[in-house]
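Take a look at the letters that make up each chain.
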Amino acid sequence: MDLTYTAAEEDFRRELRSWLAANIPAEWRRPGFWESLSDEESFGLRRDWERDKALAGFAGIQWPTEFGGRGGTPGMKAIYDAEMVLADAPRTVNPLGLTFLAPTVMAIGTDAQRKEIIGPMLRNEVIWCQGFSEPGAGSDLAALTTKGVRDGDDFVVNGQKVWTTNAVHGDKIFTMVRTTPGSQKHRGISMLLIDMHQPGVDARPLKQMSGASEFGEVFFDDARVPATDVLGAVDDGWRTAMLLLSFERGASGISQYTEFRRQYDEIVAVAKKLGRDTDPVIRGKLARVLTELECLKLHSWHILTKTEQGEDLGFEASMTKLQWSETFQDLWEVYDDVLGEHATLEDLGDLDLKPLNAQAMWSRSVTIWGGSSQVQRNVTAERVLGLPR
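Only a predicted model underlies this, so the values are computations on that prediction, with no experimental measurement involved.

### Here's the deal with the overall build of the chain
Then, in step 1: Helix and strand counts for the chain stand at 11 helices and 10 strands.
Then, in step 2: Relative to its length of 389 residues, the chain is compact, with a C-alpha radius of gyration of 22 Å against a globular reference of 21 Å.
Then, in step 3: With the C-alpha coordinates aligned to their principal axes, the bounding extent of the chain is approximately 70 × 50 × 45 Å.
Then, in step 4: Looking at the chain as a whole, 47% of its 389 residues are labelled buried.
Then, in step 5: As displayed, the chain offers around 18,700 Å² of accessible surface, 53% of which is attributable to carbon and sulfur atoms.

As structure tokens, this is what we get:
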């Protein structure tokens with residue numbers, strides 16, 4: 001396992017730190033600033049800031065230069081992920097497009113699709129959503145029922161998607177649609193790229209228990225999609241989806257460790273504020289989750305080393321998802337234990353708990369989306385450990 005960065009990568013770190021220090025307003029770093037904004041205000045600020053970051057050359061770090069990227073190394077991408085967290089940089093408004101769709105289009109898209117999709121996405125001119133989950137097809141994605149019927153040069157799409165991140169802000173959606181009538185499971189599915197501003201597409205927000213509406217549901221009612229907007233081959237969408245999802249995890253554990261470690265320090269500060277830092281039970285739980293965090297860091301370095309050596313992560317990516325999501329959830333369960341009878345409060349004197357409470361509620365979801373922990377354990381058992389089904 002290689003625990004070092006090259007001189008060029010460290011030069012990149014200094015350049016990035018300098019740009020972030022000069023381009024993140026001080027008020028944005030103030031606790032509670034983002035929570036004080038409406039969804040629309042927050043989205044607009046982040047969209048403009050991220051566009052400026054891309055124009056300055058700090059986006060698409062590992063993308064080839066021919067697609068507007070920096071052509072950087074996996075180490076540079078890991079540095080970028082960590083430094084964004086350390087600088088309290090705004091969250092991306094185009095996560096699914098940048099993480100999933102762009103590298104898939106680079107790999108299998110047509111020349112026209114590459115030209116129309118990648119550049120505008122990088123500059124946040126077009127916001128992309130992912131339409132996979134349906135009311136009856138969550139972890140079992142192959143159970144989807146949304147249909148696309150061929151009509152001349154178009155597909156006519158009818159159905160519903162749910163838990164769609166940024167649905168109300170999305171300009172376009174990449175989604176799985178059953179394009180062969182009567183087909184079942186993985187066969188007869190295509191990946192369609194659909195304009196969300198056309199008639200027949202209705203995006204509705206879903207209110208989360210935190211009060212935010214990050215998710216939405218999308219309804220298709222005779223929405224028309226040109227056949228040229230199929231990504232990959234018609235009826236071969238399952239293969240396209242598996243390629244797309246393979247880009248998800250990579251070395252992402254490094255940014256997650258960096259964020260979780262800072263959150264751990266905030267939870268310790270709350271424990272001290274409440275005088276719970278001397279409670280032996282609380283101290284034991286804090287020590288246990290700190291150990292989990294350090295294991296996550298080492299696993300992240302292991303994954304980064306494999307990536308730098310050009311190795312295919314394969315199903316080991318399921319181990320990464322399982323480890324960081326379970327660690328994150330354990331961390332915020334300790335926070336609940338620290339609060340105890342104060343769990344319903346929004347502040348402790350001068351200490352604002354609202355951002356921490358929102359993270360605690362969000363943590364309940366991470367072992368579900370992106371492949372539930374049960375699914376990841378099955379994949380790891382069967383494909384990594386070679387156990388029987």
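Still more ground to cover, so stick around.
### Some details on the layout of surface pockets
Then, in step 1: Quantified by volume, the second largest pocket comes out at close to 190 Å³.
Then, in step 2: Within the residue set of the lining of the second largest pocket, elements represented by two or more residues are helix 3 (74-86), helix 7 (253-273) and helix 8 (280-308).
Then, in step 3: Per-element tally for the lining of the second largest pocket: the top contributor is helix 7, with five residues.
Then, in step 4: Along the lines of polarity and charge, the residues of the lining of the second largest pocket split into six nonpolar, two polar and four charged.

### Some points on the UniProt feature "domain: Acyl-CoA dehydrogenase/oxidase N-terminal" (unreviewed entry) in the chain
Then, in step 1: The UniProt feature table records "domain: Acyl-CoA dehydrogenase/oxidase N-terminal" (unreviewed entry) at residues 7-125.
Then, in step 2: In this annotation, residues 7-125 is assigned 61% helix and 0% strand; the end-to-end C-alpha distance for the span is 34 Å.

### Section: the packing of helix 4 (residues 95-108) against helix 6 (residues 237-245)
Then, in step 1: In contact at an axis separation of 8 Å, helix 4 and helix 6 are set at 120° when each is read in the N-to-C sense. Our classification of the angle between helix 4 and helix 6 gives oblique. Crossing geometry of helix 4 relative to helix 6 is assigned as right-handed. Residues F100, L101, T104, A107 and I108 of helix 4 touch helix 6, and the partners they reach there are T240, L243, L244 and L245.
Then, in step 2: By residue class, the composition of the contact of helix 4 with helix 6 is seven nonpolar, two polar and no charged.

### Brief notes about the packing of aromatic side chains
Then, in step 1: Summed over the entire model, instances satisfying the criterion amount to 14 aromatic pairs.
Then, in step 2: The interplanar angle of 85° and the centroid separation of 6.3 Å between the aromatic rings of F132 and F174 together place this pair among those described as edge-to-face. Remark: F174 occurs in strand 4 (residues 172-178) and F132 occurs in the loop between strand 1 (128-131) and strand 2 (147-151); sequence separation between them is 42 residues. The exposure classification of F132 matches that of F174, with both residues buried.
Then, in step 3: Ring centres of W332 and Y335 lie 5.1 Å apart, and the angle between their planes is 75°; this geometry places the pair in the edge-to-face category. With a gap of three residues between them, W332 and Y335 both fall in helix 9 (residues 316-339), about one helical turn apart. The exposure classification of W332 matches that of Y335, with both residues buried.
Then, in step 4: One aromatic cluster in this structure is built from F260, W324, F328, W332 and Y335.
Then, in step 5: The ring of W324 carries the charged tip of K321 above its face, separated from the ring centre by 5.7 Å.

### Digging into the environment of L339
Then, in step 1: Examined against the element boundaries, L339 turns out to sit in helix 9.
Then, in step 2: A residue is classified by how much of its surface remains accessible, and L339, at 2% relative accessible area, is buried.
Then, in step 3: The spacing of L339 and D48 is 291 residues in sequence and 37 Å in space, taken between C-alpha atoms.
Then, in step 4: Not counting residues up to four positions away in its chain, the partners in contact with L339 are V270, L274, R276, L353 and N357.

### What to know about helix 3
Then, in step 1: Compared with the 18 Å implied by 1.5 Å per residue over 13 residues, the 19 Å span of helix 3 between its first and last C-alpha is a close match.
Then, in step 2: With 11 of 13 residues buried, helix 3 is to be regarded as a mostly interior element.
Then, in step 3: If you check which residues of helix 3 are buried, you get P74, G75, M76, A78, I79, Y80, D81, A82, E83, M84 and V85.
Then, in step 4: For helix 3, the elements touching its buried residues are helix 1 (7-23), helix 2 (39-55), helix 7 and helix 8.
Then, in step 5: Where helix 3 ends, the next residue or the one after it, D88, has phi of about 55°, a positive value.

### Considerations on the pattern of salt bridges
Then, in step 1: Summed over the entire model, instances satisfying the criterion amount to 27 salt bridges.
Then, in step 2: R224 is the salt-bridge partner of D151, the closest N and O atoms lying 2.8 Å from each other. Of this pair, D151 sits in strand 2 while R224 is found in strand 7 (residues 215-226), placing the two residues 73 residues apart along the sequence.
Then, in step 3: For R224, a relative accessible area of 36% gives the class partly exposed.
Then, in step 4: With its nearest N and O atoms 3.5 Å apart, the salt bridge here joins R389 to E382.
Then, in step 5: Its relative accessible area of 85% is what places R389 among the exposed residues.
Then, in step 6: A single salt-bridge network, built from bridges that share partners, covers E10, R13, R17 and E83.

### Considerations on helix 11 (residues 373-384)
Then, in step 1: Buried within helix 11 are the following residues: S373, Q376, T380 and A381. Down the axis of helix 11, the buried set is contained in an arc of 130°. They therefore lie on one face.
Then, in step 2: Where helix 11 is buried, its residues contact helix 9.
Then, in step 3: Positive phi appears at G386, one or two residues downstream of helix 11, with a value of about 75°.

Definitions and cut-offs
- Residues numbered from 1 in each chain as written.
- Predicted model: local features only at pLDDT ≥ 70, side-chain atom pairs only at ≥ 80, totals over all residues.
- Heavy atoms only, no water.
- Helix = DSSP H or I, 4+ residues; strand = E, 2+ residues; numbered from the N terminus.
- Rg over C-alpha atoms; globule rule 2.2 N^0.38 Å.
- Buried < 20%, exposed > 50% of the residue type's maximum accessible area, 1.4 Å probe, protein only.
- Areas by Shrake-Rupley, 256 points an atom, 1.4 Å probe, with all protein chains shown as cover.
- 1 Å grid on protein atoms, 1.4 Å probe; cavity = no way out; pocket = protein on both sides within 12 Å on 5 of 7 lines; lining within 4 Å.
- Points joined across faces, edges and corners; volume = space filled by probe spheres on them.
- Nonpolar A, V, L, I, M, F, W, Y, C, P; charged D, E, K, R; others polar.
- UniProt positions renumbered as here; feature names shortened; annotations may be inferred.
- Axes fitted to C-alpha atoms, helices over the stretch in contact; angles between N-to-C directions.
- Parallel < 35°, antiparallel > 145°, perpendicular 65-115°, else oblique.
- Left-handed = near helix turned anticlockwise from the far one by under 90°.
- Contact = heavy atoms within 4.5 Å.
- Phe/Tyr/Trp six-rings, centres within 6.5 Å; stacked < 30°, edge-to-face > 60°.
- Lys NZ or Arg CZ within 6 Å of the ring centre and 35° of its normal.
- Expected span 1.5 Å × (residues − 1).
- Salt bridge = Lys/Arg side-chain N within 4 Å of Asp/Glu carboxyl O.
- Arc of directions from axis to C-beta.

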